[in-house]
Amino acid sequence: MLIVEDEPEMADAVRDGLRLEAIAADIAGDGDTALELLSINSYDIAVLDRDIPGPSGDEIAKRIVASGSGMPILMLTAADRLDDKASGFELGADDYLTKPFALQELVLRLRALYRRRAHNRPPVREIAGLRVDPFRREVYRNGRYVALTRKQFAVLEVLVTAEGGIVSAEALLAQAWDENADPFTNAVRITVSALRKRLGEPWIIATVPGVGYRIDTGGEGG
């Protein structure tokens with residue numbers, strides 16, 4: 001879990017209280033640190049204070065929603081007006097807690113969010129020795145963990161979902177990049193090449209000249 005809160009005493013108290021409930025949490029005191037942690041870790045839930053230095057909690061929420069990770073967001077704020085809460089939900093928050101709050105209430109809300117996410121957890125996909133877990137954003141090949149960037153994971157997820165079918169570069173661009181991506185970019189080719197190397201030999205991503213890419217169940221992708 002990630003807690004984004006710029007009041008150190010509150011953040012530490014919440015983290016220590018959650019630890020007693022067997023809930024592990026990282027703390028970010030500002031928006032830049034939060035974004036950095038989100039770029040390298042996969043969290044079950046994000047607890048966001050809306051009023052933090054750097055990119056705001058609202059901006060962090062927008063980034064999480066745009067990533068497509070499905071990570072639940074619980075917003076913290078001292079503002080208790082209905083329109084404040086409404087704006088938070090419009091940004092993608094799943095729950096809202098007004099300061100000051102009781103730790104036990106936070107724990108109950110977090111557990112409810114976790115159960116809800118676990119119920120909606122996307123299936124783990126396995127093909128040609130690959131095991132791709134969209135919920136934990138983890139990839140294994142023949143039992144070996146493979147560390148991927150967010151973009152590499154997004155591309156692999158699209159290819160694995162196709163179950164060996166051919167996916168065009170245009171389709172990859174549409175599904176793994178945002179709507180502002182340049183349709184003439186070579187980002188797809190570069191990302192697929194880097195992904196292929198990360199997964200190791202024998203190459204498992206096949207290039208179909210002039211058509212696109214697919215997972216090669218024979219493990220001899222070109």
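One can find the structure itself at the top, above this paragraph.
### Notes on the overall build of the protein
On a plain count of helices and strands, the protein comes out with eight helices and 11 strands. Considering only C-alpha atoms, the protein reaches an extent of 60 × 35 × 25 Å along its principal axes. In the protein, which comprises 222 residues, the proportion classed as buried is 41%. Taking the contacts inside the protein whose residues are at least 6 apart along the sequence as the reference set, 51% of them involve residues at least 24 apart. For the protein, the computed accessible surface area is about 11700 Å², with 50% contributed by carbon and sulfur atoms. In the protein, the 27 positive side-chain charges and the 35 negative ones have mean positions that sit 7 Å from each other.

### Regarding the packing of helix α2 (residues 31-40) against helix α3 (residues 57-67)
Two elements in contact, α2 and α3, have axes separated by 10 Å at closest approach and are oriented at 15°. Looking at the two axes, α2 sits roughly parallel to α3. In this structure, the crossing between α2 and α3 has a hand that is right-handed. Contacts between α2 and α3 pair Gly31, Ala34, Leu35 and Leu38 from the former with Ile60, Arg63 and Ile64 from the latter. Of the residues that constitute the contact of α2 with α3, the class distribution is five nonpolar, one polar and one charged.

### What about the sheet that holds strand β3 (residues 46-49)?
If you trace the five strands from one edge of the open sheet to the other, you get β2-β1-β3-β4-β5, paired in parallel fashion. Looking at strand neighbours, the two that pair on one side only are β2 (26-28) and β5 (95-98), the edges of this open sheet. Each adjacent strand pair in this sheet contributes to an overall mean axis angle of 20°, direction not counted. Strand direction decides the pairing type here: strand β4 (residues 73-77) and β5, joined by four bridges, are parallel. Paired with Thr77 across the bridge in β5 is Thr98. α3 contacts β3 and β4 of the sheet and is inclined by roughly 175° relative to β4.

### Quick notes on the pairing of strand β11 (residues 212-215)
Relative to β11, strand β10 (residues 205-208) runs antiparallel, the two being bridged by four bridges. Bridging across to β11, Ile205 finds its partner in Ile215. Hairpin connection between β10 and β11: a loop of three residues separates the two successive antiparallel strands, and Gly210 in this loop has a positive phi of roughly 75°.

### Brief notes about the environment of Pro134
When you line up the elements, Pro134 lands in the loop between β7 (130-133) and β8 (138-141). When the C-alpha positions of Pro134 and Pro123 are compared, they lie 7.3 Å apart, and in sequence the two are 11 residues distant.

### Details of the sheet that holds β7
Strand pairing within a sheet occurs via backbone hydrogen bonds; the two strands may be parallel or antiparallel. The four strands lie next to each other as β6-β7-β8-β9, forming an open sheet whose pairing is antiparallel. Where the open sheet ends on each side, the last strands, each with one partner, are β6 (125-127) and β9 (144-145). Direction of pairing for β8 relative to β9: antiparallel, over a ladder of two bridges. Considered in β9, the bridge of Arg141 is made with Arg144. In the packing of helix α6 (residues 150-161) onto the sheet, the strands contacted are β6, β7 and β8, and the crossing angle to β7 comes to about 115°.

### A word on the nonpolar core
Counting residues in hydrophobic clusters, the biggest one holds 26 residues, and the most contacted among them are Leu130, Leu156, Leu172, Leu199, Ile205 and Ile215. Only β7, α6, α7 (169-176), α8 (187-199) and β11 provide two or more residues apiece to this core. Sorting elements by how many residues they give to this core places α6 first, with seven residues. The residues contacting Leu156, other than those within four sequence positions of it, are Leu130, Val132, Val139, Leu148, Leu195, Leu199 and Ile215. Counting residues in each nonpolar core, the second largest holds 20 residues, with Leu2, Leu35, Leu38 and Ile64 among its members.

About the cut-offs
- Residues numbered from 1 in each chain as written.
- Predicted model: local features only at pLDDT ≥ 70, side-chain atom pairs only at ≥ 80, totals over all residues.
- Heavy atoms only, no water.
- Helix = DSSP H or I, 4+ residues; strand = E, 2+ residues; numbered from the N terminus.
- Buried < 20%, exposed > 50% of the residue type's maximum accessible area, 1.4 Å probe, protein only.
- Contact = heavy atoms within 4.5 Å.
- Areas by Shrake-Rupley, 256 points an atom, 1.4 Å probe, with all protein chains shown as cover.
- Lys, Arg positive; Asp, Glu negative; His and termini not counted.
- Charge placed at Lys NZ, Arg CZ, Asp CG, Glu CD.
- Axes fitted to C-alpha atoms, helices over the stretch in contact; angles between N-to-C directions.
- Parallel < 35°, antiparallel > 145°, perpendicular 65-115°, else oblique.
- Left-handed = near helix turned anticlockwise from the far one by under 90°.
- Nonpolar A, V, L, I, M, F, W, Y, C, P; charged D, E, K, R; others polar.
- Pairing = 2+ DSSP bridges.
- Core = buried A, V, L, I, M, F, W, Y, C linked by side-chain atoms within 4.5 Å.

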